[in-house]
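The primary structure of each chain is shown beneath.
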Amino acid sequence: MNMKNKRTLNKQKMQLKRKRLGIGLFFTVFLIFVIFIGRFFYVGVFHKVAGIDLNKKVAQLYANKTQIKAKRGSIYDTNGNTIAEDTTTYSVYVVLSKSAVYYGKRAYLADKDKEKAARVLSKNLPISYEKVYQILNPDNPDLYQVELGTAGKGISLETKKAIEAANITGINFTPTVARLYPNGNFASYFIGLTATMNNEISGTMGIEKVYNDFLKGTNGTRSYMKDNSGTEIPGTKSKYKKAKNGADVYTTLDSQLQVYMENLLTAAQKKYQPQSMTAVLMNAKTGAILAASQRPTFNAQTKSNIPVWRNELLAETYEPGSTMKIFTTAAAINSGHYNGNAYYNSGALTIDGSKIYDWNRAGWGSITYDQAFIRSSNVGMALLEQQMGKKLWLNYIQKFGFLKETNAGLGPESKGSISYNYPIEQANTAYGQGIDVTVFQMMQGFSAIANNGKELRPYMIKKIVSADGNKVLKQEGKKVIGQPIKATTAKQVRNLMTQVVTDEHGTGTAFKSDQYEVGVKTGTAQIASPSGGGYLTGDTNSIFSVVGMAPIDNPKYILYITVKQPKTFAGKTSGEMLAEVFNPLMERSMKETAASTSKKAVTISNYKNQSSSEVAEKLQAAGLVVTVLGNKKQIQAQSTPANQELFVGSRIILKTGGTMTMPDIKGWSRSDVVKLATILGLKLKIVGAGYVSEQSVVANSNLSGVKELTVKLS
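Residues numbered from 1 in each chain as written. Predicted model: local features only at pLDDT ≥ 70, side-chain atom pairs only at ≥ 80, totals over all residues. Heavy atoms only, no water.

Draft legend 1. Inspection of the overall build of the chain at higher detail. Assigned secondary structure in the chain consists of 20 helices and 37 strands. Taken over C-alpha atoms, the radius of gyration comes to 38 Å for the chain, far larger than the 27 Å a tight globule of 714 residues would show. In terms of overall dimensions, the chain has C-alpha extents of about 160 × 80 × 50 Å along its principal axes. Counting over 714 residues, the chain shows a buried share of 47%. Taking as baseline every contact in the chain between residues at least 6 positions apart, the subset at least 24 positions apart corresponds to 69%. Split by element, the accessible area of the chain, about 34900 Å² in all, is 51% carbon and sulfur. (Helix = DSSP H or I, 4+ residues; strand = E, 2+ residues; numbered from the N terminus. Rg over C-alpha atoms; globule rule 2.2 N^0.38 Å. Buried < 20%, exposed > 50% of the residue type's maximum accessible area, 1.4 Å probe, protein only. Contact = heavy atoms within 4.5 Å. Areas by Shrake-Rupley, 256 points an atom, 1.4 Å probe, with all protein chains shown as cover.)

Here you go:
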């Protein structure tokens, strides 16, 4: 083959290779293209990649879920007056960035509106015009938004509405949930406190903590689609899971009696400066606690001056002293070991080489066992314990409910303790030394004396009702837990308690009343030395106490007061010191009973969206005092919830909205003022006790921008 033919053949082979390579590349590219097209087609039709649903991924990317806050339940007194409730405060912020434009609408504060915004904000908030204007014109032009510091936080609803009424674009508000305690110092250790974390409120002590699961409710959710800027996409559907508001707790507390007790205790605390004080007023027929408090205490609204984190009426144990003689005498009578006319030698008694003395160490000579109770003789009680024997007396101690919790359902309780190994220790318990008790244990025991032998469990929770008011979730009431003594025994003890007041030698003459018959037993208990080795010495180093029942023939009330280590008696006896709290409080209780039995009750309905004039006319005809706030025609809110009862002559406040003016509240009661402040969202400060004599906001003045109300009671 010549060279020419050889070159031609090689050329043909190369052309064939190129052709084959080109065909191969074509089909390779075509195959890849088909694969890509097929993949895109698959993804476009089935919306899945590697088992991942792209639709769900996109939905997750643009989906947003917000929490719908449940309203925490309220706490009420026995008449439906608010003790604790949720409220909402607001923080103001102003958007300045000109990028804040959504769907063609401006959402920022325009330069032309800054002067107006500064005027409106400074008028309604505690901040000057110049300061606001400076904040609205920051040195950094890239700031998206600005805030007003503390002046712009904790804003009430009324203030928020007043600012919004100016219709200035760019001024916005962030809501914050808060807990409102309108009464301040009000059974604070029983009602308790809440704490807010991550905008969630939970109870930290008292009823707020014990019944937190009922009160807190369950939050709901709202799901919706958003764009890249976080704005909800129009036309997309939202999904809701409704919030379930918390249940409402109704207590047995009577607000008027509770407030009066608080005022009396505060006055005594200032005058006598004790280390601590306690007071409990109980319905003798049911065991319902009508008023209860302790000193020191704290203001639940301001959370100021919280001295201890425990309820001393439940958790603190102490030696009760001579009020224990009620149970010793009852046990001796009931077991057949008591002869009131029998005589013994008072003054001192030796037991196993140890001496027991009467408070009058010289004694009163030979006196009867009735006089032992009336004069509060330790020797007489020790002799009664010896006659009963250690086993029988301990049995009665346990039957009366000591050395175990009362299960009142109000928080942690102490069981108490007893020193009972030797005869001298056993004798000591007969007059209230060597045995540690709680106030609630004492109240429980006293109920057997007042209630003809039937012992009642003290309770403060009346009922727990669902947020809509349609279902009672928990109901409490009178509960007989035992009958440690006979009715005749109880009546005999009450007769002796009467003589403590009326007998010339009685220790309770300071508690005598011309308006009702009362029986009492006083007590003076020594305090164990914290360093050990006996008891503290000194006239004031004791726990002074009194328990009283009225009317004594058929008791309605039991009132028990303790005062520990007062710094001074201020020229009074210990009985006179206790009487300054006991007498006016028992008198007020008796008067309230007389007044309530003569009154008819009016059941309140839900008046929302009804005609204010028609509802007011109807309620006035039923005997209620009606105050209407606002100049609109329909009712927006009412001071007393639906299904509650008000006595004839009580006040109800109806709020309509619009322009509201301050009513003349001179002569109003404390509870009515609290209702007014609550329905208006005002911060309330109360000075004194009684009825309104002065008000800081002038009657008939416009309430726009008003944030605080101060009243003086007298």
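Draft legend 2. View of the packing of aromatic side chains. This structure, assessed with the given rule, holds 13 aromatic pairs. With a centroid separation of 4.8 Å and 25° between ring planes, the pair formed by Y76 and Y250 is classed as stacked. Remark: Y250 occurs in strand β14 (residues 248-251) and Y76 occurs in strand β4 (residues 75-76); sequence separation between them is 174 residues. Members of the aromatic cluster, each reached through a chain of ring pairs, are F327, F400, F402, F446 and Y560. (Phe/Tyr/Trp six-rings, centres within 6.5 Å; stacked < 30°, edge-to-face > 60°.)

Draft legend 3. Quick peek at the pairing of strand β27 (residues 519-526). Across the eight residues that make up β27, a large majority, six, are buried. Where β27 lies against strand β28 (residues 542-550), eight bridges are found, and the strand directions are antiparallel. Within β28, the residue paired with G519 across the bridge is M549. (Pairing = 2+ DSSP bridges.)

Draft legend 4. Examining the side chain of N124 more closely. Along the chain, N124 turns up in helix α3 (residues 114-124). A relative accessible area of 5% places N124 in the buried class. With sequence-adjacent residues up to four places away left out, N124 is seen in contact with T159, A162, I163, G705 and K707.

Draft legend 5. Representation of α3. Listed in full, the buried residues belonging to α3 are K114, A117, A118, V120, L121, S122 and N124. If you follow the buried residues of α3, they end up packed against β5 (82-95), α4 (129-136), α5 (157-164) and β9 (171-180).

Draft legend 6. View of helix α19 (residues 612-621). Looking only at α19, the buried set comprises S612, V615, A616 and L619. Looking straight down α19, one finds its buried side chains confined to an arc of 100°; they lie on one side. Projecting away from the buried face of α19 at angles above 90 degrees are the exposed residues E614, E617, K618 and A621. One or two steps after α19, the chain reaches G623, where phi turns positive at roughly 105°. (Arc of directions from axis to C-beta.)

Draft legend 7. Highlighting the sheet that holds strand β35 (residues 683-688). Strand order in the open sheet made by the three strands is β35-β37-β36, with mixed pairing throughout. Every other strand in the sheet has two partners, leaving β35 and β36 (692-695) as the edge strands with one partner each. Pairs of neighbouring strands in the sheet enclose a mean axial angle of 25°, with direction left out of account. Where β36 meets strand β37 (residues 708-713), three bridges bridge the pair, whose relative direction is antiparallel. By the bridge assignment for β37, V692 is matched with L713. Docked against the sheet, helix α20 (residues 670-680) engages β35, β36 and β37, running at close to 165° with respect to β35. (Axes fitted to C-alpha atoms, helices over the stretch in contact; angles between N-to-C directions.)

Draft legend 8. Here's a closer look at the pairing of strand β15 (residues 276-283). Extensive coverage of β15 is indicated by the burial of eight of its eight residues. Both faces of β15 are covered, namely the face carrying S276, T278, V280 and M282 and the face carrying M277, A279, L281 and N283. Pairing between β15 and strand β29 (residues 557-564): eight bridges, direction antiparallel. Directly across from M277, in β29, lies its bridge partner V563. Note that β15 and strand β16 (residues 289-295) share six bridges and pair antiparallel. The residue bridging M282 from the neighbouring strand is I289, located in β16.

Draft legend 9. Representation of the pattern of salt bridges in the model. Considering all chains together, one arrives at 19 salt bridges under this definition. Here D113 makes a salt bridge to R106, at a shortest N to O gap of 3.9 Å. The partner of K112 in a salt bridge is D113, and the shortest N-O contact between them spans 3.3 Å. Residue class for K112 comes out exposed when judged on its relative accessible area of 66%. Look at D113 and you get buried, because its relative accessible area is 14%. (Salt bridge = Lys/Arg side-chain N within 4 Å of Asp/Glu carboxyl O.)

Draft legend 10. Region of interest: unusual backbone geometry. The omega torsion across R295 and P296 is 0°, close enough to zero to call that bond cis. Cis geometry is found at the peptide bond from A550 to P551, where omega equals -15°. Note that P551 resides in the loop between β28 and β29. Phi angles above zero are rare outside glycine, and A187 is one such case at about 45°. For A187, the location among the structural elements is in the loop between β9 and α6 (188-191). In this structure, N700 takes a positive phi of about 75° despite not being glycine.

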